[in-house]
Amino acid sequence: MIETPPWRQGYDALERQVAPRVERLVRSEPFAVAVGVMARLQRGVEAESSRFTRRVLHRLNLPAGTDVSRILNELGQLRRQVTGLTTELEDTRAELATATARDREPASKGSGRGSRTRAR
Amino acid sequence: MALVLAPDELVARIRRDTERNVLRVRNGLKHLAGVGSPELSRTPKDTVWQSEKVQLWRYQSDRRHIATPLLFVHSLVSRSYVFDLVPGNSVVETMRDRGFDVFLIDWGVPDELEAGNTLETYADDYLPEIVDVVTELTGQPDVNMFGYCFGGVLALLSVAGNTDMPVRSLAVQATPVDFRHMGPMASMMQEGRVEPSDLIDATGNVPAEVMRNSFRVLKPTGDITGYVNLWQHLWNDDFVAAHQTMTQWANDHIPFAGAAFVQTGELFARQNRLATGRVPLGGRIVDLADITVPFLNIVGEKDHIVPPEATGALTKLVGSAEVEELRLPAGHVGLVVGRTAQRQYLPAMANWLERHSEPA
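Every value quoted in this text rests on a predicted model; they were computed, and no experiment measured them. (Residues numbered from 1 in each chain as written. Chains lettered and ligands numbered in written order. Predicted model: local features only at pLDDT ≥ 70, side-chain atom pairs only at ≥ 80, totals over all residues. Heavy atoms only, no water.)

Examining the interface of chain A and chain B
With 33 residues of chain A at the interface, the matching set in chain B holds 48 residues. Approximately 3500 Å² of surface area, both sides summed, lies buried where chain A meets chain B, with 49% of it carried by carbon and sulfur atoms. At the junction of chain A with chain B, the criterion picks out four salt bridges. A:Arg79 serves as the salt-bridge partner of B:Glu52, at 3.5 Å between the closest nitrogen and oxygen. Linking chain A with chain B are 17 residue pairs in polar contact (both at pLDDT 80 or more). Put simply, the parts of the chain that give the side of chain A that touches chain B at least two residues each are helix H1 (6-26), helix H2 (29-59) and helix H3 (65-104) of chain A. In terms of residue count, H2(A) provides more of the side of chain A that touches chain B than any other element does, nine residues in total. Considered class by class, the residues forming the side of chain A that touches chain B number 14 nonpolar, five polar and 14 charged. (Contact = heavy atoms within 4.5 Å. Buried area = accessible area lost by both parts, 1.4 Å probe. Salt bridge = Lys/Arg side-chain N within 4 Å of Asp/Glu carboxyl O. Polar contact = N/O pair within 3.5 Å; in protein donor to acceptor, adjacent residues only side chain to side chain. Helix = DSSP H or I, 4+ residues; strand = E, 2+ residues; numbered from the N terminus. Nonpolar A, V, L, I, M, F, W, Y, C, P; charged D, E, K, R; others polar.)

Here you go:
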């Protein structure tokens, strides 16, 4: 038989009382609204702080962290666009190859990996 | 009536308690110093493909006797090493030893470059390309796909939206579809509460800390209870090692790509589109009914993160002729981690996967 020490029994009894109340609180509308307000406040403060830091650094002709972030975001977008275009090009090539093979030998099977087109 | 111990029992009890207290001190000091944590993710693997931060790992094996490769698709919000904790408690190790050719996608840690990644990036770009890579590497015509948690969501969208992808079967585990039952994680993002965009930081992503707190809020007293459990069992080396392992993983969250997060908040948390089976994605409607391959939905009946009510509807939404549901008396992580998972749950999953594989 597994023994549960008295102190653990005490904690469990307390937790059984407290946990449901805390869980009800975090699932409540006021809590959710409060979290939303806090999140907006935090973003606002961070944005204001970034703007100030950016102004100071730009005056010194230095890049700010947000400048770097913006460039990296755009680089990421560019990369996704290139990936998308590359995939479209590959799909088009595959379709052309299949169509060409079909035109040449209508009775034979298609060549290569086939013409699977990625959804866009 | 007071319990009276015989003298020899009393001596044995005192000896046991003294030994345990010594072990408590030793383990406590080690824990505080951060030493003695087990080394994780030790199953030998090769990185067989990489694109930006995304890596595809293939686990080395000389005992593959199941030809159809098994591709694990992990979630976007936590570390993939949950699949490979320690020897003897590792999903990939178990499946490898079962004879599968095991692959795991690690999405990496997003930064500014990944902030614009959308659900389409994962479901329509990465996953189809990775499936192609796996079939080319293995020479097999198709793969068995296994999605965990949000990885299951990506797998569902990918297979449904790209029906010519060579997927032989699809298994998803602890995968949310009905976000009405996802608790504060979803309810907080309803209109008038938290705007998904308000959680995005200067990098364009949702910070790891925010993701960690969103899980903590599901069981607010969970952290304290965890430490109480640790104190109670501090004398037990195995317990301490397991606690350190799980605590490390549970606290090791990663940022969530901002664009994908906003989509998730709008389409799933607010509109609950996944529960309808039809999701607007990539300029078309992705319909889960277009999934026609054999399908397995694994549900943890004690899962407090993705409760059974959030995942159970899935079996009615897919269009597969062969649909099974495996309900297990486990929590979100207990489905794949721990002794019972190793002895019962993973073998049950492996049985299904093997039935839907070609032998080598």
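What to know about the confidence of the model for chain B
Taken as a whole, chain B shows an average pLDDT of 93; of its residues, 99% reach a score of 70 or greater. Interface confidence for the predicted complex, given as ipTM, is 0.80, next to a pTM of 0.90. (pLDDT = per-residue confidence, 0-100.)

Structural notes on the pairing of strand S1 (residues 45-51) of chain B
Pairing geometry for S1(B) and strand S2 (residues 54-59) of chain B, over six bridges, is antiparallel. Within S2(B), the residue paired with B:Asp46 across the bridge is B:Arg58. (Pairing = 2+ DSSP bridges.)

What about the sheet that holds strand S13 (residues 295-300) of chain B?
Residue and element names in this part refer to chain B. What the eight strands build is an open sheet, ordered S1-S2-S6-S3-S7-S8-S13-S14; its pairing is mixed. Strands with a single pairing partner mark the edges of an open sheet, and in this sheet they are S1 and strand S14 (323-328). Put simply, the sheet's adjacent strands are angled 20 degrees from each other on average, direction ignored. Pairing of strand S3 (residues 70-73) with strand S6 (residues 102-106) involves four bridges; the strand directions are parallel. Across the sheet, residue Leu71 finds its bridge partner in S6, namely Phe103. (Axes fitted to C-alpha atoms, helices over the stretch in contact; angles between N-to-C directions.)

Here's the deal with the pattern of salt bridges
On inspection of all chains with the given rule, the structure shows 32 salt bridges over all chains. A salt bridge links B:Glu114 to A:Arg79; its shortest N-O distance comes to 3.2 Å. You can see B:Glu114 sitting in the loop between S6 and helix H3 (119-138) and its partner A:Arg79 sitting in helix H3, one on each of two chains. By relative accessible area, B:Glu114 is classed as buried at 5%. Put simply, B:Asp124 and B:Arg284 hold a salt bridge, and the shortest N to O gap is 2.7 Å. Linking B:Asp124 in helix H3 with B:Arg284 in strand S12 (residues 284-287), this pair joins segments that are 160 residues apart in sequence. Residue classification places B:Asp124 among the buried positions, given a relative accessible area of 1%. Salt bridges here are not isolated pairs; linked through shared partners, they connect A:Arg79, B:Glu52, B:Lys53, B:Asp111 and B:Glu114. (Buried < 20%, exposed > 50% of the residue type's maximum accessible area, 1.4 Å probe, protein only.)

Overview of the packing of aromatic side chains
All names here are of chain B. This model, assessed by the stated rule, comprises nine aromatic pairs over all chains. Measuring from centroid to centroid gives 5.7 Å for Phe83 and Tyr148, while their planes differ by 80 degrees, and the two rings are edge-to-face. Of this pair, Phe83 sits in the loop between S3 and strand S4 (84-86) while Tyr148 sits in strand S7 (residues 143-148); the two residues are 65 residues apart in sequence, bridging distant segments of the chain. In this structure Phe83 comes out as buried when scored by relative accessible area, which is 0%. (Phe/Tyr/Trp six-rings, centres within 6.5 Å; stacked < 30°, edge-to-face > 60°.)

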